[in-house]
Amino acid sequence: MPRIIDYLVQEYDAEEFSRETLHRPLFDVNMRLFRSSPFYRQLVMDTINYMDAHLNMTFEDYPAPRGVSGANLGIPWNIIGFKHQNKNKFCINPRILNRSTEGVVTETNCGSFRLEKAVKVFRSDYIDLEYYDLKGQRIIEKNIGRYQAGFVIQHEVDHNCGVCITDKIVKEQSVVQEPMEQLDREVPISPV
Ligand SMILES: [Zn+2]
């Protein structure tokens, strides 16, 4: 029997989301309700399942995404998901507490824009991230680097704050260019 989520995923068309929608900061999930109301919690978990299904898809005109934000899918909540060590991980109300001033210029694209050509943006080498896990527990992770999905996290957290890669383009000339393996990967141009 088809599930509602299958219909939702079929209906998804990133281009239909206007730039205006993508530039609107999202609401935090109400963690008090998340812990106390089974109904509210179920709504949030259904949303996360929808994001999970999206992360597992491969689009005809876009390779399988590595990260997804509420903003990408027209979801009102500040939730992000990303692939890390062959698993999909989700963070509720993610907030970057600190970012290193040192960083690299990466080449990136975005599932919501599917730009013809990847653009260059600056990413911090390390970030400290606060978020709530799926049990509603507050977590702080420090020094998340690019190999811990640090660049993808910065991309997705930006989305939920209403910031897109097209707002952050840097003109810097590349020194060493690595081939892009896959869109939405944040490929460092000057490897650290
Ligand atoms: Zn994006």
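Remember, predicted model here, so these are calculated numbers, not experimental data.

## Some remarks on helix 4 (residues 38–55)
Moving on, step 1. Helix length check: helix 4 (18 residues) gives 25 Å between terminal C-alpha atoms against 26 Å at 1.5 Å per residue, within 8%.
Moving on, step 2. Within helix 4 the residues assigned to the buried category are Val44, Ile48, Met51 and His54. On an axial view of helix 4, the arc spanned by its buried residues comes to 110°, and they lie on one face. For helix 4, the exposed residues set more than 90 degrees away from the buried face come down to Pro38, Phe39 and Gln42.

## Remarks on the nonpolar core
Moving on, step 1. Core analysis: the biggest nonpolar cluster contains 23 residues, and Met51, Ile79, Ile80, Phe90, Ile92 and Ile153 have the highest contact counts within it.
Moving on, step 2. Looking at this core, the elements that each hand over two or more residues are helix 4, strand 2 (79–84), strand 3 (87–99), strand 6 (127–132) and helix 5 (150–160).
Moving on, step 3. Excluding residues that lie within four positions of it along the chain, Met51 makes contacts with Val68, Leu73, Ile79, Gly81 and Phe90.
Moving on, step 4. With six residues, the next largest nonpolar core counts Ala71, Val121, Cys164 and Ile165 among its residues.

## Some details on the environment of Asn56
Moving on, step 1. Of note, Asn56 is situated in the loop between helix 4 and strand 1 (67–69).
Moving on, step 2. Here Asn56 falls in the exposed class, since 12 other C-beta atoms lie within 10 Å of it.

About the criteria used
- Residues numbered from 1 in each chain as written.
- Predicted model: local features only at pLDDT ≥ 70, side-chain atom pairs only at ≥ 80, totals over all residues.
- Helix = DSSP H or I, 4+ residues; strand = E, 2+ residues; numbered from the N terminus.
- Expected span 1.5 Å × (residues − 1).
- Buried ≥ 20, exposed ≤ 12 C-beta atoms within 10 Å, placed from the backbone.
- Arc of directions from axis to C-beta.
- Core = buried A, V, L, I, M, F, W, Y, C linked by C-beta atoms within 7 Å.
- Contact = placed C-beta atoms within 7 Å.

Everything listed is a geometric property; what it means functionally is a separate question.
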